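# Residue-level structural notes
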Amino acid sequence: MSDLVIARSNRRLGQSGLTVAPIAYGMWRYAGTDVADATRKVEIALDAGMTLFDTADVYGLDSDMHFGAAEELFGEVLAARPALRDRMVIASKGGIIPGTPYDSSATYLRKACEASLRRLKIDVIDLYQIHRPDMLSHPAEVAETLTALRTEGKIREIGLSNHTSAQIRALQAHLDVPLATQQPEFSAIAVEPVTNGVLDLCMETGMTPLAWSPLAGGRLMLEANEAATPELADVIITLDRLAKERGVSRTAIALAFVLAHPSAPIPIIGSQTPVRIADAMSALDVTLTRADWYAVYEAATGQPLP
Ligand code: NAP
């Protein structure tokens with residue numbers, strides 16, 4: 001039985017000029033601490049080898065803070081320690097307005113991107129992503145705004161998040177540069193991208209998938225008897241079996257499941273606990289067989305494959 005290959009080396013984001021490590025650090029839960037603690041987390045992620053840092057203008061609201069809080073905190077870290085900027089690729093997102101909830105119109109998107117730049121205190125956002133598709137913005141208008149922001153040097157590369165394959169294709173048709181990334185939720189329990197066409201499209205076009213909540217926001221770390229669904233319990237039991245067989249952590253197996261897909265997804269980890277941030281890269285040392293991967297997949301879907 002052949003082993004699955006995990007690409008361990010740094011890789012390009014799509015066909016872009018950006019190169020990043022195979023595991024990224026996510027900042028959804030980053031707001032709500034002081035600059036010293038926030039700096040420490042960034043340094044731990046960098047020292048572990050992560051180079052892509054994923055934030056968004058809306059991050060902070062879920063941490064009982066405010067819109068922009070995560071970017072503001074990251075901006076303070078970067079202002080206090082400018083040398084850190086050279087060691088990282090910064091990704092942010094715009095297009096969500098809580099209460100609206102989406103706006104990718106030309107006027108709003110430009111305003112959102114420029115506000116992110118101000119909060120982050122940087123001149124250019126390396127990867128700017130549309131956080132969720134705005135069904136009321138024509139892709140030609142979105143593409144025109146993103147192209148203008150790129151031409152003006154405010155963003156380097158363009159990515160999407162939570163878009164369907166059809167929405168990705170529609171936007172790409174109006175862009176004169178290839179989309180670098182697409183960000184779906186993908187984990188050992190959220191396996192829809194495997195069959196909904198998104199990862200296939202990434203392999204067709206060369207876009208890099210960035211997998212959000214690769215530990216299902218911590219749900220994959222529960223005890224099996226705490227799981228809300230039989231499928232989640234079954235996934236946890238399967239991950240633990242594989243972890244025991246290899247003498248590694250359940251986290252390492254869960255991240256390896258994401259990494260092993262042939263579209264070479266980059267999991268964006270979200271832990272705020274230093275030791276867990278430092279440990280995440282150990283997933284790169286795990287080798288899964290096809291049977292291991294399919295066992296997790298079948299547990300997640302609750303259906304044996306034919
Ligand atoms: P995650 O890595 O799936 O979950 C992290 C959460 O799991 C943290 O609350 C962490 O708690 C908890 N956890 C519990 N046990 C853990 C263990 N043993 N090891 C590691 N973590 C454990 O990721 P996420 O935070 O949900 O999301 C990651 C990133 O994805 C975000 O920061 C963001 O960049 C991106 N994202 C994007 C979207 C989108 O719409 N594009 C949506 C959601 C997230 P501790 O902090 O206490 O360790």
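You'll find the structure just up there.
In this report, we go over the structure that sits alongside the text. (Residues numbered from 1 in each chain as written. Predicted model: local features only at pLDDT ≥ 70, side-chain atom pairs only at ≥ 80, totals over all residues. Heavy atoms only, no water.)

It is worth spelling out the environment of Met 281 at this point. Relative to the elements of secondary structure, Met 281 occurs in the loop between α10 (274-279) and α11 (290-301). Residues Met 281 and Leu 61, spaced 220 residues apart in sequence, show a C-alpha to C-alpha distance of 28 Å. The residues contacting Met 281, other than those within four sequence positions of it, are Ala 21, Ile 23, Ala 48, Gly 49 and Met 50. (Helix = DSSP H or I, 4+ residues; strand = E, 2+ residues; numbered from the N terminus. Contact = heavy atoms within 4.5 Å.)

Burial along strand β10 (residues 266-269) is two-sided: Ile 266 and Ile 268 facing one way and Pro 267 and Ile 269 facing the other are all buried. Relative to β10, strand β3 (residues 24-26) is paired through 2 bridges, and the arrangement is parallel. From the neighbouring strand, Tyr 25 faces β10, where its bridge partner is Ile 269. Sheet analysis places strand β9 (residues 208-212) next to β10, joined by 3 bridges and oriented parallel. In the strand pairing of β10, Trp 212 is matched with Ile 268. (Buried < 20%, exposed > 50% of the residue type's maximum accessible area, 1.4 Å probe, protein only. Pairing = 2+ DSSP bridges.)

Near the ligand lie 28 residues; those nearest to it are Arg 29, Asp 54, Ser 213, Ser 271 and Arg 276. Within the side chain of Arg 276, one N or O atom sits 2.7 Å away from an oxygen atom of the ligand. Protein coverage of the free-state accessible area of the ligand, which is 910 Å², stands at 86%. Taken together, the residues of the shell around the ligand break down into 10 nonpolar, 13 polar and 5 charged. (Near = heavy atom within 4 Å. Polar contact = N/O pair within 3.5 Å; in protein donor to acceptor, adjacent residues only side chain to side chain. Areas by Shrake-Rupley, 256 points an atom, 1.4 Å probe, with all protein chains shown as cover. Nonpolar A, V, L, I, M, F, W, Y, C, P; charged D, E, K, R; others polar.)

Let us now look at the packing of helix α2 (residues 69-80) against helix α3 (residues 106-120). Following both chains from N to C, one finds α2 and α3 inclined at 45°, their axes separated by 7 Å at the closest point. With respect to α3, the element α2 is oriented oblique. Where α2 approaches α3, its residues Glu 71, Glu 72, Phe 74, Gly 75 and Leu 78 are matched on the opposing element by Ser 116, Arg 119 and Leu 120. Partitioned by chemical class, the residues of the contact of α2 with α3 number 3 nonpolar, 2 polar and 3 charged. (Axes fitted to C-alpha atoms, helices over the stretch in contact; angles between N-to-C directions. Parallel < 35°, antiparallel > 145°, perpendicular 65-115°, else oblique.)

With that out of the way, let us pick up the packing of aromatic side chains. Under the counting rule described, the total for this entry stands at 7 aromatic pairs. When the ring of Phe 257 is compared with that of Trp 293, the centres are 4.6 Å apart and the planes differ by 10°; the resulting orientation is stacked. One end of the pair, Phe 257, is in helix α9 (residues 250-259); the other, Trp 293, is in helix α11, and 36 residues separate them in sequence. For the residue pair Phe 257 and Trp 293, the accessibility class agrees, reading buried in each case. When the centroid spacing of 5.5 Å and the interplanar angle of 10° are considered together, the rings of Trp 293 and Tyr 297 count as stacked. Of this pair, Trp 293 and Tyr 297 both sit in helix α11, 4 residues apart, which is roughly one turn of the helix. Given the relative accessible area of 9%, Tyr 297 is considered buried. An aromatic cluster is present here, built from Phe 186, Phe 257, Trp 293, Tyr 294 and Tyr 297 joined pairwise through their rings. Sitting above the plane of the Trp 28 ring, Arg 29 keeps its charged end 4.5 Å from the centroid. (Phe/Tyr/Trp six-rings, centres within 6.5 Å; stacked < 30°, edge-to-face > 60°. Lys NZ or Arg CZ within 6 Å of the ring centre and 35° of its normal.)

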